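Results of the structural survey
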Amino acid sequence: MTVTADLLIRARRAVTGDAAESERPLAVGVIDGRVVAVEPLADSVLNGRDTLELGEDAVLLPGLVDSHVHVCEPGHTDWEGFASATRAAAAGGVTTLVDMPLDSVPATVSGGALAAKRRAADGQCHVDVGFWGGVIPGNTPELEPLAGAGVAGFKCFLTDSGAPDFPPVDAAQLTGALRALARLRRPLLVHAESARAAAAPAVATAPYAGRGYAGYLAANPRGAENLAIAEVIEAARVTGGHAHIVHLSSSDALPMIASAQREGVRLTAETCPHYLTLTAEEIGDGETACKCSPPVREAANRELLWTGLRERVLSMVVSDHSPCTPAMKAPEVGDFDLAWGGISSLQLGLPLVWTQARRRGIGLPQVAAWMSAAPARLAGLAAKGKIAAGYDADFCVLAPEESFVVAPGRLYCRHPETTPYAGRRLHGVVRLTLLRGQPAGPGRPRGKLLRRTQ
Ligand SMILES: [Zn+2]
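This report concerns the structure included in the present document. The structure presented is a predicted model; accordingly, all values stated were derived computationally and were not measured.

Let's talk about the sheet that holds strand 8 (residues 128-131)
- A sheet is described by the order of its strands in space; here 3 strands give the open sequence 6-7-8, paired in parallel fashion. Of all strands in the sheet, those bounded by a partner on one side alone are strand 6 (64-69) and strand 8. Averaged over neighbouring strand pairs, the angle between their axes works out to 20° when direction is ignored.
- Inspection of the sheet shows strand 6 paired to strand 7 (residues 94-99) by 4 bridges, in the parallel sense. Looking at the pairing, Val69 lines up with Asp99 of strand 7.
- Sheet contacts for helix 1 (residues 82-91): strand 7 and strand 8; angle to strand 7, the most-contacted strand, approximately 140°.

Next up, the structure:
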């Protein structure tokens, strides 16, 4: 039977989101914004009213799913907002983002707060947007209504989040939340740094030094992550809940995560482009653009995180796009104590990761699995993250061998000047982003607000 699609994509090079498959020539048919057929290009009998013909210099990827984005609207729209964040996402090949529950006002810790966030986002989004809910002390009665209203899952902190309306939970509250969420079949994302370790004076290490990166690193040791992760593992083990470690920085924790996964504990973990790109050795005094928490660590730590990805202990790479105003980075004084901890990299995630991956002999099928398929799975987005029949027609067309130098003027987030990547040469130019079969951004916002239903 000959099918006439609305859009036919003929790609000499395509990856589907499955790490085990290699790049291959595919024809992809799209009807009503959905993929209806995927065929080997040579045998394809698909027809299309419109045809997109890709040459040897471009690869068709599933649209990226970034499950770790702080949009900050409503409340801190001067930091970032739905219009600017989703415009940056579209320019970076990201077709779905999932918004974190803190850094906006209100924080997404109740059904009412979720409704306020959806109202703020409505009609502004250039890509699809989902939402995480928050777990804070005392909001247990809100978890079921939030899950019913379609949050993808929940996030909590084990140490001070920096946001007064998003306090951390203790070990008993963590266990209680995982137990409740196991019943609701939602994951709990955990910012795993230990409050106990953070409160203890680090007598063995250097004092907290204003402009010196070494001082910042010493004040935020691997041990604070390791201790918290051990606690998360035990809570997941006793409850059967799914715990997900966000933004892993300490490579020390990889063996215990791997061992828990082998034992069948429901535990997943992500890392971020900055931990896979930057190194503590290269961060100069006063370079607060590089401040995030947990911190970027040494080059040897970075290599072990790459090993963790290769060995599938870490299953995904997401941005932790965490914006702020330029002044919040304390650029004049360059003081790591005063500066906001967070890096904005939504638009650059793919080229950052690809630049490092290709140096290490890792191919695009693996990168797509880390940046599309795995985050879609975490957020329960059944129609996202892969190129396959029945999935949304969300694509990123990447020129992987082309390079560019990061110029803040070409970034679309609200405050592009806060990027630590200015002047860096990166491989991988995003030529086109398609959301449900049509170009995403800068025209009329077509992004939908997503609800998790399963
Ligand atoms: Zn974050």
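Looking at the pattern of salt bridges
- For the structure on display, the rule yields 21 salt bridges.
- In this structure, the salt-bridge partner of Arg49 is Asp6, at a minimum N-O distance of 2.9 Å. Here Asp6 lies in strand 1 (residues 4-14) and Arg49 lies in strand 4 (residues 47-54), a separation of 43 residues in the sequence.
- Among the residues examined, Arg49 registers a relative accessible area of 59% and is labelled exposed.
- With its nearest N and O atoms 3.1 Å apart, the salt bridge here joins Arg222 to Glu298. Here Arg222 is found in helix 7 (residues 222-239), whereas its partner Glu298 is found in the loop between helix 9 (273-277) and helix 10 (299-310), with 76 residues between them in sequence.
- For Glu298, a relative accessible area of 27% puts it in the partly exposed group.
- The structure contains a network of salt bridges with shared partners spanning Arg34, Asp128, Lys384, Asp392, Asp394 and Arg436.

A short note on the nonpolar core
- Counting residues in each nonpolar core, the largest one holds 95 residues, and the members touching the most others are Leu174 and Leu188.
- Looking at this core, the element that brings in the most residues is helix 7, giving 6 residues.
- Those residues in contact with Leu188 that lie beyond four places of it in its chain are Val135, Phe154, Lys155, Cys156, Leu174, Ala177, Leu178, Leu181, His242, Ala243 and His244.
- In terms of nonpolar packing, the next biggest core, distinct from the first, is built from 21 residues, Ala107, Phe157, Ala163 and Ala379 among them.

Quick look at the packing of helix 3 (residues 140-148) against helix 4 (residues 171-184)
- Between helix 3 and helix 4, the shortest axis-to-axis distance is 11 Å and the interhelical angle comes to 30°. Taken together, the axes of helix 3 and helix 4 lie roughly parallel to each other. Crossing handedness for the pair helix 3 and helix 4: right-handed. Packed against helix 3, whose contacting residues are Leu143, Glu144 and Ala147, the element helix 4 presents Ala180, Leu181 and Leu184 at the interface.
- Split into classes, the residues belonging to the contact of helix 3 with helix 4 amount to 5 nonpolar, no polar and 1 charged.

What to know about the packing of helix 11 (residues 349-359) against helix 12 (residues 364-378)
- The interhelical angle for the contact between helix 11 and helix 12, taken along N-to-C directions, is 140°, at an axis separation of 11 Å. With respect to helix 12, the element helix 11 is oriented oblique. In the packing of helix 11 onto helix 12, the handedness of the crossing is right-handed. Residue-level contacts link Gly349, Leu350, Val353, Trp354 and Ala357 of helix 11 to Leu364, Val367 and Met371 of helix 12.
- Residues belonging to the contact of helix 11 with helix 12 are distributed by class as follows: 7 nonpolar, 1 polar and no charged.

Some points on unusual backbone geometry
- Here Glu73 and Pro74 are connected by a cis peptide whose omega angle stands at 0°.
- Among the structural elements, Pro74 can be located in the loop between strand 6 and helix 1.
- Here the bond from Ser293 into Pro294 is cis, since omega is 0°, no more than 30 degrees from zero.
- Summarising the element assignment, Pro294 is placed in the loop between helix 9 and helix 10.
- Phi is positive for Cys72, close to 75°, though the residue is something other than glycine.

Examining the sheet that holds strand 10 (residues 154-157)
- Within the open sheet, the 6 strands sit side by side as 9-10-11-12-13-14. Their pairing is parallel. Only two strands of the sheet have a single partner each, and these edge strands are strand 9 (133-134) and strand 14 (316-317).
- The pairing of strand 13 (residues 267-271) with strand 14 spans 2 bridges and is parallel. Bridging from a neighbouring strand, Thr271 pairs with Val317 of strand 14.

The rules we used
- Residues numbered from 1 in each chain as written.
- Predicted model: local features only at pLDDT ≥ 70, side-chain atom pairs only at ≥ 80, totals over all residues.
- Heavy atoms only, no water.
- Pairing = 2+ DSSP bridges.
- Helix = DSSP H or I, 4+ residues; strand = E, 2+ residues; numbered from the N terminus.
- Axes fitted to C-alpha atoms, helices over the stretch in contact; angles between N-to-C directions.
- Contact = heavy atoms within 4.5 Å.
- Salt bridge = Lys/Arg side-chain N within 4 Å of Asp/Glu carboxyl O.
- Buried < 20%, exposed > 50% of the residue type's maximum accessible area, 1.4 Å probe, protein only.
- Core = buried A, V, L, I, M, F, W, Y, C linked by side-chain atoms within 4.5 Å.
- Parallel < 35°, antiparallel > 145°, perpendicular 65-115°, else oblique.
- Left-handed = near helix turned anticlockwise from the far one by under 90°.
- Nonpolar A, V, L, I, M, F, W, Y, C, P; charged D, E, K, R; others polar.

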